[in-house]
Amino acid sequence: MVYATQRNFDKAFPDLTYAINLNPKNASAWGARGLAYVYLGEKAKALYDFKQAINLEPNSPINAIAYYFIGTFENNNSYIEKAKILNPALIQRLSILQY
């Protein structure tokens, strides 16, 4: 998952997919792969992975990213509000980016 933290998302997919296959309950891997899909413009795939992450750990602060992007892509403010509750500083930083 080092590639994901370096924003080298093309190379991150095999590692993230391997991590998910090894442990399908790894919410962090689902969320990281969802973020990689966002950066590559694959919104439908990102939404799927983010929803998997949230189903596994709905109240994890790391899933604030998942809630934020689901809310943004689906125009659903309740998801964005949940993101702000879980991790307000992160969401403030994300909200200035354009996707």
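Preceding this paragraph is the structure being described.
The model shown is predicted, which means the values in this text are computed figures rather than measured ones.

Criteria and cut-off values
Residues numbered from 1 in each chain as written. Predicted model: local features only at pLDDT ≥ 70, side-chain atom pairs only at ≥ 80, totals over all residues. Heavy atoms only, no water. Buried < 20%, exposed > 50% of the residue type's maximum accessible area, 1.4 Å probe, protein only. Helix = DSSP H or I, 4+ residues; strand = E, 2+ residues; numbered from the N terminus. Arc of directions from axis to C-beta. Contact = heavy atoms within 4.5 Å. Core = buried A, V, L, I, M, F, W, Y, C linked by side-chain atoms within 4.5 Å. Phe/Tyr/Trp six-rings, centres within 6.5 Å; stacked < 30°, edge-to-face > 60°. Axes fitted to C-alpha atoms, helices over the stretch in contact; angles between N-to-C directions. Parallel < 35°, antiparallel > 145°, perpendicular 65-115°, else oblique. Left-handed = near helix turned anticlockwise from the far one by under 90°. Nonpolar A, V, L, I, M, F, W, Y, C, P; charged D, E, K, R; others polar. Polar contact = N/O pair within 3.5 Å; in protein donor to acceptor, adjacent residues only side chain to side chain.

J.: Where do I start with helix α6 (residues 77-86) in this structure?
T.: Since the α-helix packs 3.6 residues into each turn, any two residues three or four apart lie on the same face. By the burial criterion, the buried members of α6 are Ile80, Ala83 and Leu86. Down the axis of α6, the smallest arc covering the buried residues is 120 degrees, so these residues share one side. Those residues of α6 that are exposed and angled more than 90 degrees off the buried face are Asn77 and Ile85. Next to the buried residues of α6 lie α5 (64-73) and α7 (88-94).

J.: Can you help me understand the nonpolar core in this one?
T.: The nonpolar side chains of a soluble globular protein tend to be buried, and buried together. With 22 residues, the main nonpolar core has Phe50, Phe69 and Leu94 as its most contacted residues. Breaking this core down by element, the ones donating at least two residues are α2 (9-22), α3 (27-39), α4 (43-56), α5, α6 and α7. Among the elements that line this core, the one with the most residues is α5, at eight residues. Judged by nonpolar contacts, the second largest core, of six residues, contains Ile20, Ala27, Ala29 and Trp30.

J.: Just checking my understanding: could you explain the packing of aromatic side chains for this structure?
T.: Here a ring pair, both rings aromatic, is described through the centre-centre distance and the interplanar angle of the planes. Applying the stated rule across the entire model yields six aromatic pairs. Seen from their ring centres, Phe69 and Phe73 are 5.7 Å apart, and the 35 degrees between their planes marks the pair as tilted. You can see Phe69 and its partner Phe73 sitting in helix α5, four residues apart, about one turn around the helix. Judged by relative accessible area, which is 0%, Phe69 ranks as buried. Each residue in the set Phe50, Tyr68, Phe69 and Phe73 is aromatic and connected to the rest through ring pairs, giving one cluster.

J.: How should the packing of α2 against α3 be read in this particular structure?
T.: Each packed pair of helices is defined by two parameters, the angle between the axes and the distance between the axes. Two elements in contact, α2 and α3, have axes whose closest approach is 9 Å; the angle formed by their N-to-C orientations is 155 degrees. On the basis of their axis angle, the class for α2 and α3 is roughly antiparallel. Here the hand of the crossing between α2 and α3 comes out left-handed. Facing α2, whose interface residues are Phe9, Phe13, Leu16, Thr17, Ala19 and Ile20, α3 presents Ala29, Trp30, Ala32, Arg33, Ala36, Tyr37 and Tyr39. Among the residues forming the contact of α2 with α3, the class breakdown is eleven nonpolar, one polar and one charged.

J.: Looking at this structure, how should I read the side chain of Asp49?
T.: Turning to its location among the elements, Asp49 is positioned in helix α4. Within the local environment of Asp49, its side chain forms a polar contact with the side chain of Arg33, the two groups lying 2.6 Å apart. Once you skip the residues sitting within four places of it in the chain, Asp49 turns out to touch Trp30, Arg33, Gly34 and Tyr37.

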